[in-house]
Amino acid sequence: MSGTVMAVSSNGAYSFTKPNRTDIRLLEGLGVEGDVHAGVTVKHRSRVAQDPTVPNLRQVHLIHAELFDDLAEAGFAVAPGELGENVTTRGLDLLGLPVGALLRLGAEAVVEVTGLRNPCAQIDNFQHGLLKQVVKRDESGAVVRLAGIMGVVRAGGQVRPGDTVTVTLPDGPHRPLDRV
């Protein structure tokens, strides 16, 4: 299983969107160098308010560019970085990966998948109605989150657009992704 990095983004200040960069550096155990969400413990404001000592399982946010294609068909124009992701990929079923899958980004960086992004109401402030496009219900009524996945950095390194993303699956049985 492999795909391609389409864009990389980071922001040192709290903001919904993240500007695209020519490259980002992943730091082992921390996240994206210079990004507001990097750290050993939680950095998302709502999580910090609950318990600032909880391990940061959301060091890196990845979204598949195919989501942007689907959103465009629904009338929404969304570009890489605009949903706050650090890495935009193409050609890889991120949402179908199990917990513990390892993503090698480029030559050195490795991210371990921890779970699904749980988008909040801020997404509707970006574009009204977008939340209903990225959080849906299936035929059984279960919540389906489409806004990407989260992970922790297991090996640091530079990541650039055009880099290959390869997947190593964990030993089975595989646990499906849930929100983190």
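Residues numbered from 1 in each chain as written. Predicted model: local features only at pLDDT ≥ 70, side-chain atom pairs only at ≥ 80, totals over all residues. Heavy atoms only, no water.

A. Highlighting unusual backbone geometry. A cis amide bond links glycine 172 to the next residue, proline 173, at an omega of -5 degrees. Mapped onto the elements, proline 173 comes out in the segment after strand 13 (164–168). (Helix = DSSP H or I, 4+ residues; strand = E, 2+ residues; numbered from the N terminus.)

B. Geometry of the pairing of strand 13. By the alternation rule, side chains of strand 13 split into Val165 and Val167, which are all buried, and Thr164, Thr166 and Thr168, of which none is buried. Where strand 1 (residues 2–9) and strand 13 come together, 3 bridges link them in antiparallel fashion. Each residue of the ladder has a partner; that of serine 2, found in strand 13, is threonine 166. Here 4 bridges tie strand 7 (residues 102–105) to strand 13, and the two strands are oriented antiparallel to one another. If you follow arginine 104 over to strand 13, its bridge partner there is threonine 166. (Buried < 20%, exposed > 50% of the residue type's maximum accessible area, 1.4 Å probe, protein only. Pairing = 2+ DSSP bridges.)

C. The environment of alanine 155, seen in detail. When you line up the elements, alanine 155 lands in strand 11 (residues 149–155). When its relative accessible area of 22% is taken as the criterion, alanine 155 is described as partly exposed. It is 34 Å that separates the C-alpha atoms of alanine 155 and alanine 142, two residues lying 13 residues apart in sequence. If sequence neighbours within four positions are ignored, alanine 155 has contacts with Glu28, Glu108, Ala109 and Val110. (Contact = heavy atoms within 4.5 Å.)

D. Highlighting the side chain of glutamine 158. With respect to the element layout, glutamine 158 can be found in strand 12 (residues 157–159). Here the side chain of glutamine 158 touches aspartate 23 through a polar contact of 3.2 Å, side chain to side chain. Among the polar contacts listed, one links the side chain of glutamine 158 to the side chain of arginine 25, at a separation of 2.9 Å. Those residues within four positions of glutamine 158 in sequence are excluded, and the remaining contacts are Asp23, Ile24, Arg25, Leu105, Glu108 and Asp163. (Polar contact = N/O pair within 3.5 Å; in protein donor to acceptor, adjacent residues only side chain to side chain.)

E. Summary view of the packing of aromatic side chains. Evaluation of the coordinates by the stated rule reveals 1 aromatic pair. Ring centres of phenylalanine 16 and phenylalanine 126 lie 5.6 Å apart, and the angle between their planes is 35 degrees; this geometry places the pair in the tilted category. Highlighted residues: phenylalanine 16 in the loop between strand 1 and strand 2 (20–21) and phenylalanine 126 in helix 3 (residues 122–126), separated in sequence by 110 residues. By relative accessible area, which is 18% here, phenylalanine 16 ends up buried. (Phe/Tyr/Trp six-rings, centres within 6.5 Å; stacked < 30°, edge-to-face > 60°.)

F. Main features of the nonpolar core. Leu26, Leu62, Leu103, Leu105 and Ile149 are the most contacted members of the largest nonpolar core, which totals 25 residues. Breaking this core down by element, the ones donating at least two residues are strand 1, strand 3 (24–27), strand 5 (60–64), strand 7, strand 8 (109–116), strand 11 and strand 13. Setting aside its immediate chain neighbours within four residues, leucine 26 contacts Gly31, Val32, Val60, Leu105, Ala109, Val111, Val153, Gly156, Gly157 and Val159. Of all hydrophobic cores here, the second largest spans 13 residues; its members include Phe16, Ala65, Val78 and Leu130. (Core = buried A, V, L, I, M, F, W, Y, C linked by side-chain atoms within 4.5 Å.)

G. Quick look at the sheet that holds strand 3. The antiparallel open sheet is built from 3 strands, whose spatial order is 4-3-12. This sheet does not close on itself; its edge strands, each paired only once, are strand 4 (31–32) and strand 12. Sheet topology note: the strand 3/strand 4 ladder contains 2 bridges and is antiparallel. Bridged to leucine 27 within strand 4 is glycine 31.

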